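Close look at the chain arrangement
Chain by chain, the residues run as shown.
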Amino acid sequence: MGPSHALSGAAAWLAGSWALDQFANVSQTPLEVAVGTAICAGGALLPDLDLSGKVTRNQGGATVARTFGVASLFVAEVVEKFSLGVYTATKLSRDPRRDNGHRTFTHTLPFCALIGWGTTALADRYGYWAVIGIVFFMGGLALRGLFDDWAERAGWVIVTLCSALIAWFTAANLPSDRGYPLLGLAVGVGCFVHILGDMITKNGVPIMWPIPVKRRMWMMVGIPNSMAVKVGGKVEVVILRTAFTVIALLSIAGLFVPSLLERFNLDVWASR
């Protein structure tokens, strides 16, 4: 579901940016919108770092785990083992025994809040260059998700180089005198959108954690399996991805077309 998750994150950030512009008079430059969208799209892949593959063979794992080759596969391995450890340490009597950490800690609301706060704190503490590092990492995840087929063919080296190019362009054009606290919000929103996406698939997510329910700490919450979206099925690939794309395009039009028309009208008026 990597492409669907990434598209949902991008659509959510663009729609939110349009709403803030319309109803709260919070305006952003095109570059700020683009960076926020990339961060949110990357954040929408982040929870699946708990699905590891084979590090030494550079194989397997979730879409996000293959972004930077062996390096990201190793990170996924660590995250998966950490998530399994959290599960094992906090499970109650009716929670089943597990041998992997997929859809556990990184698929919870505390994780969304923690990773969002951590991103903001990192940008605030270390400033401009931390922001560039965040853009590099999250930009790579966004590329891997939004352009999955291309990234699979190109390989992790090309994806890494493209991520570095995005970070360089951002460094060259983004003002360096700000901490950009919205980056943490973008990461947190992306993770939350991912959780919502997994809730409509089979098995659900432990969104209630750490609140115990019926002697279970890790109660999986979602829609009935008979109504669940099949991963890789027509509903996900055709309907959902089309809907996310339409939302993103309409939001971009709402954000930038009015100002372009206004400038064009002014230019025409001035030429007269």
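Residues numbered from 1 in each chain as written. Predicted model: local features only at pLDDT ≥ 70, side-chain atom pairs only at ≥ 80, totals over all residues. Heavy atoms only, no water.

Our focus in this paragraph is the layout of surface pockets. Here the largest pocket defines a volume of roughly 450 Å³. Considering the residues around the largest pocket, the lining is formed by 24 residues, among which Ala10, Ala34, Thr37, Ala38 and Leu146 are closest to the centre. Every element with two or more residues in the lining of the largest pocket is listed here: helix H1 (2-23), helix H2 (30-43), helix H5 (128-146), helix H7 (156-173) and helix H9 (234-271). Sort the elements by how many residues they give to the lining of the largest pocket and H2 lands first, with eight residues. Split into classes, the residues belonging to the lining of the largest pocket amount to 20 nonpolar, four polar and no charged. Size it by volume and the second largest pocket reaches roughly 250 Å³. Of all the elements, helix H4 (residues 109-126) adds the most residues to the lining of the second largest pocket, at six residues. (1 Å grid on protein atoms, 1.4 Å probe; cavity = no way out; pocket = protein on both sides within 12 Å on 5 of 7 lines; lining within 4 Å. Points joined across faces, edges and corners; volume = space filled by probe spheres on them. Helix = DSSP H or I, 4+ residues; strand = E, 2+ residues; numbered from the N terminus. Nonpolar A, V, L, I, M, F, W, Y, C, P; charged D, E, K, R; others polar.)

Let us look at the nonpolar core. Within soluble globular proteins, side chains that are nonpolar generally end up buried alongside one another. Ile39, Leu46, Val131, Met138, Leu141 and Trp218 are the most contacted members of the largest nonpolar core, which has 40 residues in total. Here this core takes six residues from helix H8 (residues 182-199), the largest share from any one element. The next biggest cluster of nonpolar side chains, apart from the first, holds five residues, and it includes Ala11, Leu14, Val33 and Ala248. (Core = buried A, V, L, I, M, F, W, Y, C linked by side-chain atoms within 4.5 Å. Buried < 20%, exposed > 50% of the residue type's maximum accessible area, 1.4 Å probe, protein only.)

Let us now look at the pattern of salt bridges. Tallied over the entire structure, the rule returns eight salt bridges. Glu77 is paired through a salt bridge with Lys81; the nearest N and O atoms lie 2.8 Å apart. A residue pair is termed a helical-turn pair when its members lie 3 or 4 positions apart in one helix, as Glu77 and Lys81 do in helix H3 (residues 70-90) at four residues. Taking the relative accessible area as the measure of exposure, Lys81 reaches 45% and is therefore partly exposed. Between Asp198 and Arg103 there is a salt bridge; the shortest N-O distance is 3.4 Å. Remark: Arg103 occurs in the loop between H3 and H4 and Asp198 occurs in helix H8; sequence separation between them is 95 residues. A relative accessible area of 2% places Asp198 in the buried class. (Salt bridge = Lys/Arg side-chain N within 4 Å of Asp/Glu carboxyl O.)

It is worth spelling out the environment of Glu152 at this point. If you trace the backbone, Glu152 turns up in helix H6 (residues 148-154). In sequence terms Glu152 and Arg66 are 86 residues apart; their C-alpha atoms lie 8.9 Å from each other. Those residues in contact with Glu152, other than ones at most four positions away along the chain, are Arg66 and Arg144. Within polar-contact distance, the side chain of Glu152 engages the side chain of Arg144 at 2.5 Å. (Contact = heavy atoms within 4.5 Å. Polar contact = N/O pair within 3.5 Å; in protein donor to acceptor, adjacent residues only side chain to side chain.)

As a further point, take the side chain of Thr108. Within the element layout of this structure, Thr108 appears in the loop between H3 and H4. When its relative accessible area of 0% is taken as the criterion, Thr108 is described as buried. Only 2.7 Å separates the side chain of Thr108 from the backbone oxygen of Phe105, close enough to count as a polar contact. Not counting residues up to four positions away in its chain, the partners in contact with Thr108 are Ile195, Pro206, Trp209 and Trp218.

By themselves, these figures tell us nothing about what the structure is for.
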